[in-house]
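What follows is the residue order along each chain.
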Amino acid sequence: MKAIACIGLLFSIFITGCIRAAKVPMDTIYYEGPEKAGNSHLIVFLPGRGDRLGTYMKHGFIDAIRQKGLNVDMAEADAYEAYYQDGSIGVRLREDIIGPAKAKGYKHIWLVGISMGGTGALLYASKYPDDISGVIAFSPFLGDEEIIGKIKNADGVQNWNPGRITEDDWQDFLWLWIKNYETEKSLPVYLGYGDHDRFAPVNNIFATALPRDHVVVINGAHDWQTWETLWGIFIEKLRPEINPKD
């Protein structure tokens, strides 16, 4: 199955205009936890469309972890649009960030992504669930109107049947993984979004496949103000899982 390798069409409706080519290896900024040695936990942040390295630091995600006193190392991946358009997002994350992190001794790796980054985190989890410990997705883009319409017409993802899935049906692959999540639960997945987000209707469908306490919906839109608030909520919610001292 080449679900991650065949996602260019996904972003043909999500990404427009000229973009820089995907760089190999992918650039990454690392932020050490307070102890700076022997840490087994790493959070990898994936950017949204148009965001660049330093965006998560700018919006307080790094400092929020530090202010809570959590001894967790962090990394911002420069996973911009080109990696999705050429289908290399999964390979680059695995070879340039996740694999090297595991080789350095990180035993617990979480992916956190907003919008496009949330999509990337979920795609990675669906393809390589054994590589990571969990996912936090904020307002992820989950496919075009055709696939969403099919799921709605089936009266929900649990009643939807994609039939035969070919190797380029990345959307069917992802939604089949979402459908089976309740029974398989290969790793913890958390979802957060604003009730006025443009992706709220499809995220509402996604939420039905997750445990109720894994979903947080607040008053907000598809913007950083909403995601900053959600991040503060999830830090407390997941403190026992993302902080090795608790």
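The structure we're discussing is the one just above.
Calculation notes
Residues numbered from 1 in each chain as written. Predicted model: local features only at pLDDT ≥ 70, side-chain atom pairs only at ≥ 80, totals over all residues. Heavy atoms only, no water. Helix = DSSP H or I, 4+ residues; strand = E, 2+ residues; numbered from the N terminus. Buried < 20%, exposed > 50% of the residue type's maximum accessible area, 1.4 Å probe, protein only. Areas by Shrake-Rupley, 256 points an atom, 1.4 Å probe, with all protein chains shown as cover. Axes fitted to C-alpha atoms, helices over the stretch in contact; angles between N-to-C directions. Parallel < 35°, antiparallel > 145°, perpendicular 65-115°, else oblique. Left-handed = near helix turned anticlockwise from the far one by under 90°. Contact = heavy atoms within 4.5 Å. Nonpolar A, V, L, I, M, F, W, Y, C, P; charged D, E, K, R; others polar. Salt bridge = Lys/Arg side-chain N within 4 Å of Asp/Glu carboxyl O.

**Quick word on the overall build of the protein**
Okay, so step 1: Counting its regular elements, the protein contains ten helices and seven strands.
Okay, so step 2: Within the protein, buried positions represent 54% of all 246 residues.
Okay, so step 3: Roughly 10800 Å² of accessible area belongs to the protein as shown, and the carbon and sulfur atoms make up 48% of that amount.

**Digging into the packing of helix α6 (residues 145–153) against helix α7 (residues 170–184)**
Okay, so step 1: Put simply, α6 and α7 touch, their axes get as near as 10 Å, and they point 40° apart. Classified by the angle their axes make, α6 and α7 are oblique. At the point where α6 passes α7, the crossing takes the right-handed sense. In this structure, α6 uses Ile-147, Ile-148 and Ile-151 to contact α7, whose residues at the interface are Gln-171, Asp-172 and Trp-175.
Okay, so step 2: Residues that form the contact of α6 with α7 fall into these classes: four nonpolar, one polar and one charged.

**So, the pattern of salt bridges**
Okay, so step 1: One pass over the structure, following the stated rule, counts nine salt bridges.
Okay, so step 2: For Arg-66, the salt bridge is made with Asp-63, and the minimal N-O distance between the two is 4.0 Å. Of this pair, Arg-66 and Asp-63 both sit in helix α2 (residues 61–67), three residues apart, which is roughly one turn of the helix.
Okay, so step 3: Overall, Arg-66 belongs to the partly exposed group, its relative accessible area being 38%.
Okay, so step 4: With a shortest N-O distance of 2.7 Å, Asp-131 and Arg-94 are connected by a salt bridge. Residue Asp-131 is located in the loop between α5 (116–127) and β5 (134–138), and its partner Arg-94 is located in helix α4 (residues 89–103); the two are separated by 37 residues in the primary sequence.
Okay, so step 5: Look at Asp-131 and you get buried, because its relative accessible area is 11%.
Okay, so step 6: Here Arg-94 falls in the partly exposed class, since its relative accessible area comes to 35%.
Okay, so step 7: Overlapping salt bridges, with partners in common, bring together Lys-68, Glu-236 and Arg-239 in one network.

Keep in mind that these numbers describe shape and distance, not what the molecule does.
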